[in-house]
Every structure is written in C-alpha cells, then in structure tokens.
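Working through the structure, step by step
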Amino acid sequence: MRNLIVLILVLCSFRVTISQGTQRLSLLLKCKQSAGFSIYGQGTTKMCLYLGQENKTYVEAQADCTSRNSRLAIFNTLEKFQIVEPMPNVWIGLDDIATEGTYRWADGSILDLQSELKKKIFYPGEPNAAFELEDCVCNNCFKEYPKLFDSPCGDTYRYLCEKVI
Ligand SMILES: *[C@@H]1O[C@H](CO)[C@@H](O)[C@H](O)[C@H]1NC(C)=O
C-alpha cells in the first residue's frame, strides 16, 4: 500500500514536470515567432517580454501591448521581479484603477499588500496612492531606486509587454 502511494506520488510529480516542460517549450516557440519579444530568465523562471522604448502613458502602454497580442508584464514572484529590477523607468501591469487601494496585476489577480513579496518589490512605504492620483506602478521611476513605485498613470515611461501561453 505504501509503495503504491509512493508510486502514485512519483507519477504525479513526473506528470507535473512534463506539463511544465511542455508549457515552457510552447512559450519559447511562441516567443521566437513574436517580433520584438525575447525570453528573459531568472533562475527557473522564463518570461517572454517586449520592452517598449517609446515613453507612453499607462493606458497607451496597455493598448500597445494589446495590439501585440500580449498584456503588460506581471512580476508576481521574487524571481520574476528580479527580471525587471535592473530596468529603470518602465510601466508594469499593476494598478488600482478599478478600485482605489486594491492593486490588481494585469491578469486580474490581487496583490496582497501585507505580503512579504510586496515588501520586497516596492519602494519602502509604497504604494501610497498619494492624492488618489498615483494608480499605476512603474519600476525604478523614483530617485533611481530599483523597486516598484506607484505613479500618476498619465506619466510617460517605457513599458514591458508579456506574452503568455
Ligand atoms: C523617455 O524619457 C526619458 C526621461 O524620463 C528620456 O531620458 C528618454 O530619452 C525618453 N525616451 C524616448 C524614446 O523619448
């Protein structure tokens, strides 16, 4: 009985590995076929990103990502964040436009403001939604500090689009 359980666990983890491998391969292939997009890696994390070099408002950046069959890039793990960390003045896919004070990633998921992740990826004390005007999140766009910061959505920065499977 115990052996059977072990066997099932081994088979399950094998399946997970295979499906992750297949997903990674599809992402690599899709990325290769998408003009302007490149694979960025950190540890075992791979992201297919396009760095828009023109300065655009958050909404303009969103629209450009959509026109490239992608969305603004999300960095919801520490490894992913380490990919954007060295890139100054870029919009990422995180804002509290829909509900003031609730920060949503571009895939619709909510960033827990009490989480350890939030403490590690944001400038200390941010996001603060100052004057209820700072609804959109950019990386290293304040005092050359390589962390996230919430800024007025009408400011113009470069931006990162992300292709997902
Ligand atoms: C974007 O704005 C920055 C200043 O924030 C400037 O240094 C850079 O040259 C601008 N890039 C373009 C392509 O206009």
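Quick notes on the rules
- Residues numbered from 1 in each chain as written.
- Predicted model: local features only at pLDDT ≥ 70, side-chain atom pairs only at ≥ 80, totals over all residues.
- Helix = DSSP H or I, 4+ residues; strand = E, 2+ residues; numbered from the N terminus.
- Buried ≥ 20, exposed ≤ 12 C-beta atoms within 10 Å, placed from the backbone.
- Contact = placed C-beta atoms within 7 Å.
- Arc of directions from axis to C-beta.
- Near = placed C-beta within 6 Å.
- Nonpolar A, V, L, I, M, F, W, Y, C, P; charged D, E, K, R; others polar.

Let us now look at the overall build of the chain. Each helix and strand in the chain was counted, giving four helices and eight strands. Helices and strands appear in the chain in the N-to-C order α-β-β-α-β-α-β-β-α-β-β-β. Going through the 165 residues of the chain one by one, you find that 32% of them count as buried. Taking as baseline every contact in the chain between residues at least 6 positions apart, the subset at least 24 positions apart corresponds to 57%.

The next thing to look at is helix α2 (residues 58-67). Three or more residues of α2 are buried, namely Y58, A61, Q62 and C65. Buried positions in α2, seen along its axis, are confined to an arc of 105° and lie on one side of it. For α2, the exposed residues lying more than 90 degrees away from the buried face are A63 and S67. Elements that come into contact with the buried residues of α2 comprise β2 (45-56), β3 (71-72), β4 (90-95), β6 (134-139) and β8 (157-163). Positive backbone phi, at 50°, marks N69, one or two positions downstream of α2.

In the vicinity of the ligand, the residues found are Q53, E54, N55 and N89. Looking at the shell around the ligand residue by residue, the class counts come to no nonpolar, three polar and one charged.

Turning our attention to the environment of V84. Relative to the assigned elements, V84 resides in helix α3 (residues 78-84). The sequence separation of V84 and P146 amounts to 62 residues, and the corresponding C-alpha distance is 8.9 Å. Apart from the residues within four sequence positions on either side, V84 is in contact with F75, V90, I92, N139 and L160.

Here we take up unusual backbone geometry. Leaving glycine out, the prevailing phi sign among residues is negative, and the prevailing peptide bond configuration is trans. Along the chain, E126 connects to P127 via a cis peptide bond; the corresponding omega equals 0°. Residue position: P127 is located in the loop between α4 (116-121) and β6.

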